[in-house]
Amino acid sequence: MTQKQKKEMRQRASTRQLMGIKELTDHGVKTLNGEFVVYLIRPDNLSVMPEEAVRNRVLSLTNLLRASQELYMVALDSRESFQHNRDWYQERIEQEQLPAVRELLRKDSAHLDKIQTGTASSREFALLIKADSKLPLDQPQLVQIEKRIHGCGFSVRLAQSQDIKRVLAVYYQQDAFTDDFKNYDGEGTVKECEAAEEENR
């Protein structure tokens with residue numbers, strides 16, 4: 001296959017194909033490397049806990065996860081990043097000649113810093129556990145794993161469909177601008193048009 005043919009195939013591929021995802025399941029994803037179940041973990045109140053207590057929690061979770069055959073952990077911001085905006089403001093401040101405009105740009109940049117600081121606790125950890133192809137995980141097993149992680153002192157929940165889409169959006173694009181992710185581009189517009197047609201009948 002030539003480079004041109006490969007490029008054409010890549011251009012025709014869907015977003016899921018480019019990411020290597022076959023299908024989104026109720027609590028995870030099916031990929032070319034197997035099915036993964038996703039848990040969302042939040043390390044609540046770690047900043048106010050003694051160092052020894054934090055170490056014990058982490059050690060407890062480490063020992064639990066060590067028993068799993070294959071798993072992955074992803075640390076990410078659970079909301080959008082303002083880094084591009086901050087870089088743009090910095091560049092504009094350096095270029096701007098007028099002191100009054102420079103001051104306004106500094107204030108805008110400081111406002112973004114304040115927002116970023118306010119959402120500093122919006123840190124999220126996604127734990128991906130690979131399901132055995134011969135013995136897939138059933139609902140009681142999924143709940144049992146969730147209880148074990150919770151027993152280590154962490155807030156945890158089994159990811160739902162919208163959670164998985166949000167985690168993928170943050171992981172691949174570093175941004176999540178919505179809480180309602182559609183399955184297909186333009187899905188919301190199509191539904192609105194269908195609803196409008198239904199009203200006109």
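Look a little higher up for the structure.
Residues numbered from 1 in each chain as written. Predicted model: local features only at pLDDT ≥ 70, side-chain atom pairs only at ≥ 80, totals over all residues. Heavy atoms only, no water.

A. Structural context of the packing of aromatic side chains. Following the criterion strictly, the structure yields one aromatic pair and no others. A ring pair is formed by tryptophan 88 and tyrosine 89, whose centres lie 5.2 Å apart and whose planes are at 75°; its orientation type is edge-to-face. (Phe/Tyr/Trp six-rings, centres within 6.5 Å; stacked < 30°, edge-to-face > 60°.)

B. Highlighting the pattern of salt bridges. Using the criterion set out here, one finds six salt bridges in the structure. With its nearest N and O atoms 3.8 Å apart, the salt bridge here joins arginine 106 to glutamate 103. Of this pair, arginine 106 and glutamate 103 both sit in helix H5 (residues 99-118), three residues apart, roughly one helical turn. For arginine 106, a relative accessible area of 42% puts it in the partly exposed group. By relative accessible area, which is 38% here, glutamate 103 ends up partly exposed. Three or more residues are tied together by salt bridges with common partners; here these are Glu51, Glu52 and Arg55. (Salt bridge = Lys/Arg side-chain N within 4 Å of Asp/Glu carboxyl O. Helix = DSSP H or I, 4+ residues; strand = E, 2+ residues; numbered from the N terminus. Buried < 20%, exposed > 50% of the residue type's maximum accessible area, 1.4 Å probe, protein only.)

C. How the structure looks around the pairing of strand S1 (residues 21-24). Sheet topology note: the S1/strand S2 (residues 28-31) ladder contains three bridges and is antiparallel. If you follow leucine 24 over to S2, its bridge partner there is valine 29. Taken together, S1 and the strand that follows it, S2, pair antiparallel across an intervening segment of three residues. (Pairing = 2+ DSSP bridges.)

D. Layout of the pairing of strand S6 (residues 155-158). On S6, burial follows the alternation: Val156 and Leu158 on one face are buried, whereas Ser155 and Arg157 on the facing-out side are not. Looking at chain direction, strand S3 (residues 34-42) and S6 are connected through four bridges and run antiparallel. For leucine 40, the partnering residue across the bridge sits in S6 and is arginine 157.

E. A look at helix H6 (residues 139-151). A rise of 1.5 Å per residue sets the reference length of H6, with its 13 residues, at 18 Å; its end C-alpha atoms lie 18 Å apart and thus fit the reference within 8%. Along H6, the positions that sit buried rather than exposed are Leu142, Ile145 and Ile149. End-on, the buried residues of H6 take up no more than an arc of 60°, which puts them together on one face. Exposed residues pointing more than 90 degrees away from the buried face of H6 are listed as Pro140, Lys147, His150 and Gly151. Of the residues flanking the end of H6, it is glycine 153, one or two places downstream, whose phi is positive at about 95°. (Expected span 1.5 Å × (residues − 1). Arc of directions from axis to C-beta.)

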